[in-house]
Amino acid sequence: IFPSVNYEDPDYNVGIPVFSIHGNHDDPTGEHCLSAVDLLSVSNLINYFGKAQNVEDISISPILLQKGTTQLALYGLGSIRDERLVRMFRYEKVNFLRPKEE
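The structure displayed is predicted, hence computed values, not measured ones. (Residues numbered from 1 in each chain as written. Predicted model: local features only at pLDDT ≥ 70, side-chain atom pairs only at ≥ 80, totals over all residues. Heavy atoms only, no water.)

Participant: Just to check I follow, could you spell out the nonpolar core for this structure?
Facilitator: Note on soluble globular proteins: their nonpolar side chains tend to be buried together. Counting residues in each nonpolar core, the largest one holds six residues, listed as I58, I60, I80, L85, M88 and V94. Looking at this core, the elements that each hand over two or more residues are strand 3 (58-60) and helix 2 (82-90). Ignoring sequence-local partners within four residues, the contact set of I60 consists of Y75, G76, L77, V94, N95, F96 and L97. (Core = buried A, V, L, I, M, F, W, Y, C linked by side-chain atoms within 4.5 Å. Buried < 20%, exposed > 50% of the residue type's maximum accessible area, 1.4 Å probe, protein only. Helix = DSSP H or I, 4+ residues; strand = E, 2+ residues; numbered from the N terminus. Contact = heavy atoms within 4.5 Å.)

See below:
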């Protein structure tokens, strides 16, 4: 919903940025596939990532963080039932996207 992380927004004072994925007790449900974590995200209180749009073929893209010369690619995947996730890995339906190299 937000195009960037909340700590880069000049209208918000974020001391410690929080990144979150949904767990097995707050997984997205309903017509619009929403969870409690979505509420925190639209309030710009947390940075919600790792929500799979298509549970039949998942592409996981990283959040890229940098401090000085140190770079970090942070991957996240919200809760998916073990049986489904094992089957998806077996049939190579989970893809980890790599950032472009500089």
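Still more to cover.
Participant: For this particular structure, what's the right way to read a nonpolar patch on the surface?
Facilitator: Together, Y75, F89 and F96 make up an exposed nonpolar region whose accessible area comes to about 290 Å². If you trace the backbone, F96 turns up in strand 6 (residues 94-96). Judged by relative accessible area, F96 falls into the partly exposed class, the value being 45%. (Patch = residues over 30% accessible without salt bridge, like charges linked within 9 Å, V, L, I, M, F, W, Y side chains within 5 Å. Areas by Shrake-Rupley, 256 points an atom, 1.4 Å probe, with all protein chains shown as cover. Salt bridge = Lys/Arg side-chain N within 4 Å of Asp/Glu carboxyl O.)

Participant: Is there a simple way to think about the packing of aromatic side chains in this case?
Facilitator: Two numbers describe a pair of aromatic rings. These are the distance of the centres and the angle of the planes. This model, assessed by the stated rule, comprises three aromatic pairs. On the numbers, 5.7 Å between centres and 75° between planes, the contact of Y75 with F96 is edge-to-face. Taken together, the positions of Y75 in the loop between strand 5 (70-74) and helix 2 and F96 in strand 6 put the pair 21 residues apart, joining distant regions of the chain. For Y75, a relative accessible area of 30% translates into the label partly exposed. (Phe/Tyr/Trp six-rings, centres within 6.5 Å; stacked < 30°, edge-to-face > 60°.)

Participant: Any chance you could explain unusual backbone geometry here in plain terms?
Facilitator: Glycine aside, a negative phi is what most residues show, and trans is what most peptide bonds show. If you check the backbone angles, C33 has positive phi at about 55° while not being a glycine. Tracing the chain through its elements places C33 in the loop between strand 1 (19-20) and helix 1 (36-42). Taking the relative accessible area as the measure of exposure, C33 reaches 34% and is therefore partly exposed. Look at N44: it is not a glycine, yet its phi comes out positive at around 65°. With respect to the secondary-structure elements, N44 resides in the loop between helix 1 and strand 2 (47-48).

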